[in-house]
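Each chain is listed here by its residues.
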Amino acid sequence: MEKAFAFGDKTLDPAVKRINRIQRVAIIGAGTMGIGIAIDLLRKTGYGVILLDVQAEALDKARTRLEEQWAADVKSMRIREQDAETLARRTSYTQHYEDLVDVDIIWEVATERVEVKLTIFESIEQAVDPERLAAIFSNTSSHTTEELAVLFKTEAFREKFLTVHGYFPFEANRLIDVMKGKYASQETYLLGVVFADQILEKNVIALPYDHHGYLADPIFQAMAAIISWDVKSSRDIVQLGGLWELFTVNPFVVLDQTGHMPYTESSRHLGESLPANDRLRSLYMRNDDFYPAWIATLESKGHAGINSPSRCGFFTWSEGKRPAPQEVYDPEADDYVPIGEISRKDFWSFYEAAEKDRREGTIKSAESLVLVAGANDAGGKAFRRYVLPICLYALDLIQDGIATPGQINNSTRAGLRYKTGLIEFIDALIDHLTVDGVIELVRRARDENADDPFMVEMLDTEGELGPRKGRQCLLHDMLKRNFTHLLGYGKYYRTPVAELDLQSGEYKGSYLDLIYYEPSSRDRVASIVFNNPLRGNIFNHAVIDQLTHVYHRVLELHRLGKCGAVMFTAAGQGMRMLGADAREFNRGWFEREKGYAPLSEAEAALSSRNAVDLFRLIQTSPVASIGVFGEKWGGGAEFTYFLDLRYDVRCEGFVYDTLDRASLWQQKNTYNQPELDYAILPGFGAAGELQRLGMGHSIIFEIFDQGLTADRAYQVGLSNGVYETEHEALQRGYERARQMAKDAPYSRALFKKELARGVDDEALAHDTGETFNPRKNPFIRSGLLKLLDRNARAPHMDYACADTELPGWQYPNGKGIASDDE
């Protein structure tokens, strides 16, 4: 969104008000990440953006890159020519810090070298008034906030300094880290979190305490580093690096795309600065080297990845819009050679895992990873040698209170694009082997690597040696306390929905694709935000599980009288909401050369049944509901038909006119049901729900055959309000929810029962009589006193329903979590 919104949370009000006054942002460093941040800010806000770099050549490249991006966006009809011109006018380029005098945020995206950062920060202090600034960010990959904050001489700058770190490619990666550190004020910290969440529309990992590299970066750094010391030939880069393709991608491919400098400079800094108890510290300091000689050789030759003049790094790369690796570096020959395949003979478990997923219609599943972890081939040994130390490191982060299980899992899924999150994999190992069995698996790995003292230290679980000496691994604590999972899993598809709180031993909500705002005691309105805008906020299996779990929380608060209404909305420009995930219509990974792999009838029916089961729970519950959305497609539109009210944001964009065969800029449809075009049905209940809402067959066919704009939906009675901006729609929607939350629970439940039943005069008389019975409807006294004695102050209504049987409604058992984890 272009503006922030507090969702009833008064603690966020100062940050929201300051963010909504931002006009200009400066980015120091016009390299790959700086350009990515600029693209993101220019697309998502109306800010002026200044790119500062000491090198004129870097600024020229940045200008060219941005011009090419806007031209591509015009060609693909994401924007108009005049929009591209506006974006260019909002962007300025400079080599002078004096030009930053009136900016609201400064974002440093330069080298990891501390002496360079010191020079930058000194220049900022000389040129900028700290009272004018909302915040200063650093995109550092390896420094702590405190390490950099002390480079400022004055407290005024330190208290406005945060490390805010995005992932490559910034404009297309969901994850961002916000770390407070020792000096930043709480107000600055909250501003950084809200800015990253609502303005940048990212999945935020908020860390109040310092940690080198946040969470995802040290895991990614270690993915490459732990292998790099064993690389002797091109086969090792392909086969050992290919191990990580079981989770995500070969890290050496990614490093070529980001450039090697952040990796080598981070390795140097981590080698010098990691604390004594960091399990992985030996990856960055061996024989006075921060990284192996073969990487230093590439660095000395300027072969630093795809953006280096040679377009070489660990691989050579093809030209074009989508460059691909062509050859791989061979340290033995000091030359590039053809990329070979991973050996089927030696690494047969990799291929068996892929075949297992194909047979079962899964994609890089936890079960397949467990298969490789226990295999006796070279693949299994490599997996245990390189993956298990990083798993233990993740457990250390939880044990030391640096991160929660959900934060680590979401970091690896969102930022590193793991198909199975790292904590999900650890849970799967425990599920298959028990906690004792996982400890034994690590001991097996230690014995297999007994001749490597560095590896033996990293695989220590007993606290006998190395950085973790004197403290047993978290697995032992789990064993003593009978914990069998670090995550809680969803009711329908067993995807992660909660995380274990080690202190209380309870599972608490942790959502990758949703943001949940608890209701305040004053407003009693919960807010649920669908939070995957890069994929249009789709309704996939994970979202169904997460929404089920969070709605059970809403119902529990309603039972206690703490929540009377819920507002649903979506993150991202235009509050776009897509339907079911088309990828889940195919059995397993879709491969163009193999074509469509159909689901079974039972699988397809289950997808419909589970979604409608959840939507019906929301619809029939006594909690008032309102949806505030923009463009809606398929299941995203169907979801809103189950809500009490629908507020819409007008959307504009290119619309293809099939008669004139031209794309015209105009108001877009906000209600779209394209299912029939794709030979499927609206499986989330559109036909029945639209009729229930009073839409005649002609209007229903109009929705399915051409769609409805927001204004047309309001005209026919499908929409209850239409607004120009997301911010106005949220304000109006939240206020309407706040008013609805005042309804007495017994009356609202009975009213919904009446609506579901239809016309029945005798039943209406009976139900009306019941509402006047204080033994059945304990809310009647305070409700009628408010009506009868209008000159007196209205009595407080106790909304708690714990001891009241609501008509037509029964609170569901459980917490929306798989039964063995409740």
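Check the entry above for the structure.
Source: prediction; values computed, not measured.

Peer 1: What's the story with a nonpolar patch on the surface in this structure? I'm lost.
Peer 2: Taken together, the side chains of F585, Y678 and I680 present a nonpolar region at the surface, about 300 Å² in accessible area. Inspection of the secondary structure assignment puts F585 in the loop between β17 (565–570) and α23 (601–620).

Peer 1: Would you mind showing me how to read the packing of aromatic side chains here?
Peer 2: Both the distance between ring centres and the angle between the ring planes are used here to describe each pair of aromatic rings. Evaluation of the coordinates by the stated rule reveals 37 aromatic pairs. Centroid distance W107 to F137: 5.3 Å. Interplanar angle 90°. Geometry classified as edge-to-face. Taken together, the positions of W107 in strand β4 (residues 105–108) and F137 in strand β5 (residues 135–138) put the pair 30 residues apart, joining distant regions of the chain. Here the two residues W107 and F137 agree in accessibility, since each one is buried. Where F121 meets F161, the ring centres are 5.6 Å apart and the plane angle is 65°; that geometry is what we call edge-to-face. Remark: F161 occurs in strand β6 (residues 161–166) and F121 occurs in helix α5 (residues 114–127); sequence separation between them is 40 residues.

Peer 1: Teacher, can you tell me more about the environment of L397 here?
Peer 2: Within the secondary structure layout, L397 lies in helix α17 (residues 388–399). Measuring from C-alpha to C-alpha, the distance between L397 and L215 comes to 8.5 Å, with 182 residues separating the pair along the chain. Apart from residues no more than four positions distant in its own chain, L397 is found in contact with H211, L215, I402, A403 and I408.

Peer 1: Looking at this model, I keep getting lost on unusual backbone geometry. Mind explaining?
Peer 2: Along the chain, F168 connects to P169 via a cis peptide bond; the corresponding omega equals -15°. Of note, the phi angle at R311 is positive, near 55°, even though the residue is not glycine. Here R311 lies in the loop between α13 (293–300) and β9 (315–317). The phi angle at N482 is positive, at roughly 60°, despite the residue not being glycine.

Peer 1: Teacher, can you tell me more about the sheet that holds strand β12 (residues 487–489) here?
Peer 2: In spatial order, the strands read β12-β13-β14; together these three strands make up an open sheet with antiparallel pairing. Looking at which strands have only one partner, the edges of the open sheet turn out to be β12 and β14 (507–509). Neighbour-to-neighbour, the strand axes of this sheet turn through a mean angle of 40°, independent of strand direction. With three bridges connecting them, strand β13 (residues 496–500) and β14 associate as antiparallel partners. Considered in β14, the bridge of L500 is made with Y507. Helix-sheet contacts for helix α18 (residues 405–415) involve β12 and β13, and the interaxial angle to β13 is about 140°. Packing of helix α22 (residues 541–559) onto the sheet brings it into contact with β13 and β14, and relative to β13 it is tilted by some 55°.

Peer 1: Mind showing me how you'd approach the side chain of Q399 here?
Peer 2: In this structure, Q399 sits in helix α17. Filtering out sequence-adjacent residues up to four positions away, Q399 remains in contact with R468, R471, Q472, C473 and L474.

Peer 1: Help me out: how do you make sense of the sheet that holds strand β24 (residues 708–709) in this one?
Peer 2: Within a sheet, neighbouring strands are paired by backbone hydrogen bonds and run either parallel or antiparallel to one another. Read across the open sheet, the three strands follow the order β19-β23-β24; overall the sheet is mixed. Across the chains shown, the open sheet's two edge strands, defined by having one partner strand only, are β19 (632–633) and β24. In the sheet, strand β23 (residues 669–672) pairs with β24 via two bridges, with the strands oriented antiparallel. Among the inter-strand pairings, N669 is bridged to a residue of β24, identified as T709.

Peer 1: Please clarify how a negative patch on the surface should be interpreted in this entry.
Peer 2: On the surface, D129, E131, E155 and E159 cluster together to form a negatively charged patch. The class of D129 is partly exposed, set by a relative accessible area of 41%.

Peer 1: Whenever I open this one, helix α8 (residues 186–199) confuses me. Can you help?
Peer 2: Within an α-helix, residues lying three or four positions from one another point in the same direction, as the helix has 3.6 residues per turn. With 14 residues, α8 should reach 20 Å at 1.5 Å per residue; the first-to-last C-alpha distance of 19 Å fits that figure. The buried fraction of α8 amounts to eleven of the 14 residues, a majority that puts the element mostly inside the structure. Among all positions of α8, only T188, Y189, L191, G192, V193, V194, F195, A196, D197, Q198 and I199 are buried. Among the residues trailing α8, E201 stands out with phi positive, at a value near 60°.

Peer 1: What is the right way to read the environment of T297 from this model?
Peer 2: Mapped onto the secondary structure, T297 falls in helix α13. You can call T297 partly exposed: its relative accessible area is 28%. Spatially, the C-alpha atoms of T297 and D334 are 8.7 Å apart, while their sequence positions differ by 37 residues. When sequence neighbours within four positions are dropped, the list of residues in contact with T297 reads Y329 and D334.

Peer 1: Sorry if this is basic, but what is going on with the pairing of β23 here?
Peer 2: Regular strands place their side chains on alternate faces of the sheet. Across two bridges, β19 lies against β23 in parallel orientation. Across the sheet, the residue bridging to K632 is Y671, located in β23.

Peer 1: Just to check I follow, could you spell out the nonpolar core for this structure?
Peer 2: Note that soluble globular proteins tend to have their nonpolar side chains buried in a common cluster. Counting residues in each nonpolar core, the largest one holds 117 residues, and the members touching the most others are W107, F195, F530, F539, L547, F568 and F639. Sequence-distant contacts of F568, that is, excluding residues within four places in its chain, are made with I528, F530, L547, Y551, I618, S625, I626, G627, V628, F629, F639 and L643. Grouped together as the second largest cluster of nonpolar side chains are 103 residues, F220, F247, I439 and L459 included.

Peer 1: So what exactly am I meant to see when it comes to the state of the cysteines here?
Peer 2: Two cysteines, two sulfur atoms, one covalent bond between them: this is a disulfide. With the rule as written, the count across this model stands at zero disulfides. Sulfur of C473: no disulfide; nearest cysteine sulfur belongs to C391 and is 10 Å away.

Peer 1: Explain the pattern of salt bridges here, please?
Peer 2: Tallied over the entire structure, the rule returns 52 salt bridges. The residue E201 makes a salt bridge to K44 at a minimum N-O spacing of 4.0 Å. Taken together, the positions of E201 in the loop between α8 and β8 (203–207) and K44 in helix α2 (residues 32–44) put the pair 157 residues apart, joining distant regions of the chain. The residues E201 and K44 share a single accessibility class, namely buried. Among the salt bridges present, the one from D396 reaches R279, with a minimum N-O distance of 2.7 Å. Linking D396 in helix α17 with R279 in the loop between α12 (261–273) and α13, this pair joins segments that are 117 residues apart in sequence. Residue D396 is classed as buried on the basis of its relative accessible area of 2%. Among the charged side chains, a network of salt bridges with common partners joins R279, D396, D400, R468 and R471.

Peer 1: Would you explain α2 in this entry?
Peer 2: Under the 1.5 Å per step criterion, the end-to-end length of α2 is 19 Å for 13 residues, consistent within 8% with the ideal 18 Å. The buried count for α2 comes to eleven of 13 residues, which makes it a mostly enclosed element. Along α2, the residues classified as buried are M33, G34, I35, G36, I37, A38, I39, D40, L41, L42 and K44.

Peer 1: What am I meant to see in the packing of α22 against α23 here?
Peer 2: It is the contact of α22 with α23, at a shortest axis distance of 11 Å, that shows an interaxial angle of 20°. In terms of axis orientation, α22 runs roughly parallel to α23. Every pair of crossing elements has a handedness; the one defined by α22 and α23 is left-handed. Where α22 approaches α23, its residues I544, L547, T548, Y551, H552 and L555 are matched on the opposing element by A611, L614, L617 and I618. For the contact of α22 with α23, the class distribution of residues is eight nonpolar, two polar and no charged.

Cut-offs applied
- Sequence positions are assigned chain by chain, starting from 1 and proceeding in written order.
- Local features in a predicted model are, by the rule used here, given only for residues with pLDDT of at least 70; side-chain atom pairs are given and counted only at 80 or more, and totals for whole chains, interfaces and linings are based on all residues.
- Side-chain numbers come from the whole structure's heavy atoms, not from hydrogens or water.
- Patch rule: a residue counts if its relative accessible area is over 30% and it has no salt bridge; like charges are joined within 9 Å, and nonpolar side chains (Val, Leu, Ile, Met, Phe, Trp, Tyr) within 5 Å.
- Working definition of accessibility: Shrake-Rupley area with a 1.4 Å probe, residue cover restricted to the visible protein chains.
- Salt bridges are defined as contacts in which a side-chain nitrogen from Lys or Arg sits within 4 Å of a carboxyl oxygen from Asp or Glu.
- Strands here are runs of E lasting at least two residues and helices are runs of H or I lasting at least four, both read from the DSSP assignment and numbered beginning at the N terminus.
- Ring pairs are drawn from Phe, Tyr and Trp, using the six-membered ring of Trp, whenever the two centres fall within 6.5 Å, and their geometry is named by plane angle: stacked under 30 degrees, edge-to-face over 60, tilted for the rest.
- Throughout, exposure labels follow a simple rule: accessible area from a 1.4 Å probe, protein chains only, divided by the maximum for the residue type, with under 20% read as buried, over 50% as exposed, and the rest as partly exposed.
- A contact between two residues is defined here by any heavy atoms of the two lying within 4.5 Å.
- What makes two strands pair is DSSP finding at least two bridges between them.
- Simply put, an axis is a line fit to the C-alpha atoms, just over the touching stretch for a helix, and the angle between two N-to-C directions goes from 0 to 180 degrees.
- When charges are counted, neither His nor the chain ends are considered; positive counts come from Lys and Arg and negative counts from Asp and Glu.
- We put the charge of a Lys on NZ, of an Arg on CZ, of an Asp on CG and of a Glu on CD.
- By this rule the span expected of a helix is its residue count minus one, scaled by 1.5 Å.
- Side-chain atoms within 4.5 Å link the members of a nonpolar core, which is a set of buried Ala, Val, Leu, Ile, Met, Phe, Trp, Tyr and Cys residues.
- The criterion for a disulfide is a pair of cysteine sulfur atoms lying within 2.5 Å.
- To sort the angles, those under 35 degrees are grouped as roughly parallel, those over 145 as roughly antiparallel, those from 65 to 115 as roughly perpendicular, and the leftovers as oblique.
- Helix crossings fall into two classes, left-handed where the near helix is turned counterclockwise from the far one by less than a right angle and right-handed where it is turned clockwise.
- Amino acids outside the nonpolar list (Ala, Val, Leu, Ile, Met, Phe, Trp, Tyr, Cys, Pro) and the charged list (Asp, Glu, Lys, Arg) are all regarded as polar, and Gly is one of them.

So, to be careful, I would describe these as geometric facts and stop short of saying anything about function.
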